[in-house]
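What follows is each chain in one-letter form.
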Amino acid sequence: MTDLTYRPGRTAVEAVGLGMRYRRRWALRDCSFRLPAGRVCALVGPNGAGKSTLLALAAGLGRPAEGSLRVLGGAPSDGAVRPRVAYVAQDKPLYPHFTVAETLALGARLNPGRWDAAVAERLVRAGGLSPDARAGSLSGGQRTRLALALAFGKRPELLLLDEPMSDLDPLVRHEMTAALMAEAAEYATTVVMASHVLAELEGVCDYLLLVADGRVRLAGEVEDLISAHRLVMGRYEDVGTPREFAAHTIVEARTTGRQFTALIRPDGPVGGHWEVAEPSLEELLLAHLRAPGAPALLAPSAEPRAGARPAGVAA
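Residues numbered from 1 in each chain as written. Predicted model: local features only at pLDDT ≥ 70, side-chain atom pairs only at ≥ 80, totals over all residues. Heavy atoms only, no water.

Engineer: Account for the overall build of the chain, naming residues and giving values.
Structural biologist: Along its length, the chain carries 7 helices and 14 strands. Taking 2.2 N^0.38 as the reference for a compact globule, 315 residues should give roughly 20 Å; the C-alpha atoms of the chain span a radius of gyration of 21 Å, in line with that estimate. For the chain, the spread of C-alpha atoms along the principal axes amounts to about 70 × 45 × 40 Å. Residues classed as buried in the chain amount to 49% of the 315 residues present. Residue pairs in contact within the chain that sit at least 24 positions apart in sequence constitute 72% of those at least 6 positions apart. For the chain, the exposed surface amounts to about 14900 Å²; the carbon and sulfur share of it is 51%. Positive and negative side-chain charges in the chain, numbering 36 and 35 respectively, have mean positions lying 8 Å apart. (Helix = DSSP H or I, 4+ residues; strand = E, 2+ residues; numbered from the N terminus. Rg over C-alpha atoms; globule rule 2.2 N^0.38 Å. Buried < 20%, exposed > 50% of the residue type's maximum accessible area, 1.4 Å probe, protein only. Contact = heavy atoms within 4.5 Å. Areas by Shrake-Rupley, 256 points an atom, 1.4 Å probe, with all protein chains shown as cover. Lys, Arg positive; Asp, Glu negative; His and termini not counted. Charge placed at Lys NZ, Arg CZ, Asp CG, Glu CD.)

Engineer: Just give me the short version of empty space enclosed by the protein, but keep the residues and values in it.
Structural biologist: With the rule as written, the count across this model stands at 2 cavities of 30 Å³ or more. Taken as a whole, the largest cavity holds about 70 Å³ of empty space. Surrounding the largest cavity, 10 residues form its lining, G62, R63, P64, P76 and S77 being those nearest its centre. Estimated volume of the second largest cavity: approximately 60 Å³. (1 Å grid on protein atoms, 1.4 Å probe; cavity = no way out; pocket = protein on both sides within 12 Å on 5 of 7 lines; lining within 4 Å. Points joined across faces, edges and corners; volume = space filled by probe spheres on them.)

Engineer: So what's going on with helix α2 (residues 100-110)? Which residues, and what values?
Structural biologist: Listed as buried for α2 are V100, T103, L104 and G107. One side of α2 holds all its buried residues, which, seen down the axis, span an arc of 95°. For α2, the elements touching its buried residues are α3 (117-126) and α4 (140-153). (Arc of directions from axis to C-beta.)

Engineer: Talk me through the pairing of strand β9 (residues 215-221); I want residue IDs and the actual numbers.
Structural biologist: Counting buried positions along β9 gives 6 out of 7 residues, so the element sits mostly inside the fold. Sheet topology places strand β8 (residues 207-212) next to β9; 6 bridges connect them, and they run antiparallel. In the sheet register, Y207 faces β9, and the bridge partner there is E221. The antiparallel hairpin formed by β8 and β9 contains 2 residues in its connecting segment, where D213 sits at a positive phi of about 55°. Pairing geometry for β9 and strand β14 (residues 297-298), over 2 bridges, is parallel. (Pairing = 2+ DSSP bridges.)

Engineer: Go over the pattern of salt bridges with me, naming the residues and quoting the values.
Structural biologist: One pass over the full model with this rule turns up 8 salt bridges. R84 is the salt-bridge partner of E157, the closest N and O atoms lying 2.8 Å from each other. On the criterion of sequence distance, the pair formed by E157 in the loop between α4 and β6 (158-162) and R84 in the loop between β4 (66-71) and β5 (85-88) is long-range, its members being 73 residues apart. Judged by its relative accessible area of 21%, R84 falls in the partly exposed class. A salt bridge links D116 to R155; the nearest nitrogen and oxygen atoms lie 3.0 Å apart. Of the two residues, D116 is situated in the loop between α2 and α3 and R155 in the loop between α4 and β6; the sequence distance between them amounts to 39 residues. What makes R155 partly exposed here is its relative accessible area of 35%. In this structure, a network of salt bridges that share partners links the residues E252, R254 and R290. (Salt bridge = Lys/Arg side-chain N within 4 Å of Asp/Glu carboxyl O.)

Engineer: Mind laying out the packing of α4 against helix α5 (residues 170-187), listing which residues take part and the relevant values?
Structural biologist: Following both chains from N to C, one finds α4 and α5 inclined at 5°, their axes separated by 11 Å at the closest point. The orientation of α4 relative to α5 falls into the category roughly parallel. Side by side, α4 and α5 meet where G141, T144, R145, L148 and F152 of the first sit next to V172, M176, L180, E183 and A184 of the second. Tallied by class, the residues present in the contact of α4 with α5 amount to 6 nonpolar, 2 polar and 2 charged. (Axes fitted to C-alpha atoms, helices over the stretch in contact; angles between N-to-C directions. Parallel < 35°, antiparallel > 145°, perpendicular 65-115°, else oblique. Nonpolar A, V, L, I, M, F, W, Y, C, P; charged D, E, K, R; others polar.)

Function cannot be read off these values alone, since they describe shape.
Put into structure tokens, the structure is as follows:
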């Protein structure tokens, strides 16, 4: 199996002050982060947060209104970059009248010198797809498998997936996720996967980008982001925030009856008689999604490098 260990200096995607708008609405604004190569990254956020826009820009489908975006060391639209990137859009566009075999043949023609027929055909065979079946007649799961076969047949260094499993039932979603992770591990592919299924990201993704209101709110290794937070719970009958939390950053706090629950970034030990636990990834994400105004947190590996282009300079 290929070594996926992070090596400093290898960067898959880097944004500095990235902004994109459609008429008067900003889909992304002042968006800055760095994604190291070789990671499987979850891209999470509410509807309209800018996830699809970010993936499309990284795929070279459009130019930002402000800031910079670099993919695999170059501009996304560069001729030397685009062949190394594969993008599966949310609607998985395929030619409906093409057969499975014709679709794979088209992939080979569009990616001369890079096409790996064995990889594409292995994914197709594993799903039991007939070579003569037309793309328009396939089920949602089969279309997803064919779209992923096209993407992996390209042997990309960076794979961008926009809600790839959204139309699948839980069993097929589990099978497709396992197949995706196996292919990514074998070829050291950097994967960025937008998803709303928070519970299924845990154990699959080792990196996280949380986007809200067009800005990156959390970025970094999943383990580091989780360990930077604590979930505190306990009985509380007073009004306002307990004084024990004055020294800590409160991401979200809720009171239900006499039960107080908060997700915090502790600055030292938590005093008082509180139950303190490490949050799950789902608890971490839900708290930040419910509190989009919480202070952003970027791990050191997610900080744009010194010397990256400043805001206002397009890629």
